[in-house]
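# Analysis of the macromolecular model
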Amino acid sequence: MRTYVRLTFDLAKNHAGRWLRRPPFARSNPRSERAPASNNYLAIAWHHLCRLFVRPLFVGLLFVGLLFVGLLITGCGPRIGGGETAAQLRQSPLVIDLPALYIDYDRSGHASIGSVPVDAIGDALTVDLSRLNLKTEQINTIMDANIQHLQVTNTPDRLLLLVNGQLLPALVWHTERATTAGEGQMLAAGLAQITPLLSTVVAMGGGVVLRFPISAGTVPIPLTMVESDSVALEAAQDEYLAIIGTPPHMVIDVFYQADGSWRVSDLDATAWRAVLPLPWDRLNLGAEQIQSLRAGGIEDLILQSNREGLFVQVNQQPLPHLSWAKGELNSMIVLAAEGGLFRQLLGDTPTAYSLAATLEHLLPMLQVTEIELRIHFAAESNATAEE
């Protein structure tokens, strides 16, 4: 690819530069390539303008365009969900559906795109891409966990994250709500600023695939999505619901005070530590954080979990939610077991080896449990809690 870009760059420089050296009124004469006569002030001005600004800009843009095309040819490939954006938003005035950009890492952590190091690409584009590189220790950790590739891709209504082809909980939004969310609401300054861009973001499809080195003798995992047995998972959930009747439901109201402390059922962190010895103090916030939330108009945050996913509301307004209705939580258990996470936490014990099977057995019961956590930041709510 370097040779391709270099040859094309030289060709563009020779021919485009020769064309731009001539003023527009002299291009019909192929011999007028030298600097114009000194008595033609307009021609002199055009000559120096092209020499100083137009020609370098034209050649630079041409070089960047050719580099981009080269990256598309050598550094891109298929992605999960590719083509869905163009298919679902066919009538939209702006639709961008691109393949995935593949970034490969070597054992030292250096990243490359289409066999070209990202540092070289950054130098050509005058952009610092060194942050894409990883440390050797990070690569070793990834290899020890047998993480061979990571895919991030989006469709018109969700953002997908796959590790070794295993689908993790997806970030989902409603397309019709995404273009109008927050209108007339005092949610947060940042949300109000990005609202006009949501419709454009929804109409853009793309993705990134990170490929990591694998140890010798390791079986390569294909870059395809592993289909989970969601039917069996739903059957297990229905079987559990048939036994207990209605799903368990829990509601917890948390009231934050002006100093950042919190209370649940008129009990603060110290009182809850006496009931259940856990580090409840870590849930305290700073007084400045509480003041900032209140100044931004955020009065309450509601988190609701059920068999479909985790839903979030700010001031009663729904935000994008996490979806795990198709076995995504089971995929997380599988990845944790294969990556040795349970052994790292519990050591080389029988519990560490049996924990994955235990969690998979309990998952249907845990997933159908409805939990609603309501966190209040408004001063009037605090006053109500203190009464």
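Keep in mind it's a predicted model, so treat the numbers as computed, not measured.

### Focus on the overall build of the protein chain
Across its full length, the protein chain holds 15 helices and 16 strands. Expressed as a percentage of the 387 residues in the protein chain, the buried residues total 33%. Counting only contacts in the protein chain whose residues sit at least 6 apart along the sequence, the fraction spanning at least 24 positions is 63%. About 23,100 Å² of surface is accessible on the protein chain, with carbon and sulfur atoms providing 61% of the total.

### Points about the packing of helix α12 (residues 328–338) against helix α14 (residues 350–368)
Orientation of α12 relative to α14, taken along the N-to-C sense of each, is 165°, at an axis distance of 10 Å. Relative to α14, α12 is oriented roughly antiparallel. Like other packed secondary-structure pairs, α12 and α14 cross with a definite hand, here right-handed. Judged by residue contacts, Leu 329, Asn 330, Ile 333, Val 334 and Ala 337 of α12 engage Ala 356, Leu 359, Glu 360, Leu 363 and Gln 367 from α14. Here the residues of the contact of α12 with α14 are counted per class, giving seven nonpolar, two polar and one charged.

### What about the environment of Pro 220?
Topologically, Pro 220 is positioned in the loop between β9 (204–211) and α9 (230–244). Sequence separation between Pro 220 and Gln 148 is 72 residues, and the spatial gap between their C-alpha atoms is 7.6 Å. Once you skip the residues sitting within four places of it in the chain, Pro 220 turns out to touch Gln 148 and Ile 214.

Criteria and cut-off values
Residues numbered from 1 in each chain as written. Predicted model: local features only at pLDDT ≥ 70, side-chain atom pairs only at ≥ 80, totals over all residues. Heavy atoms only, no water. Helix = DSSP H or I, 4+ residues; strand = E, 2+ residues; numbered from the N terminus. Buried < 20%, exposed > 50% of the residue type's maximum accessible area, 1.4 Å probe, protein only. Contact = heavy atoms within 4.5 Å. Areas by Shrake-Rupley, 256 points an atom, 1.4 Å probe, with all protein chains shown as cover. Axes fitted to C-alpha atoms, helices over the stretch in contact; angles between N-to-C directions. Parallel < 35°, antiparallel > 145°, perpendicular 65-115°, else oblique. Left-handed = near helix turned anticlockwise from the far one by under 90°. Nonpolar A, V, L, I, M, F, W, Y, C, P; charged D, E, K, R; others polar.

Shape descriptors only; they carry no functional weight alone.
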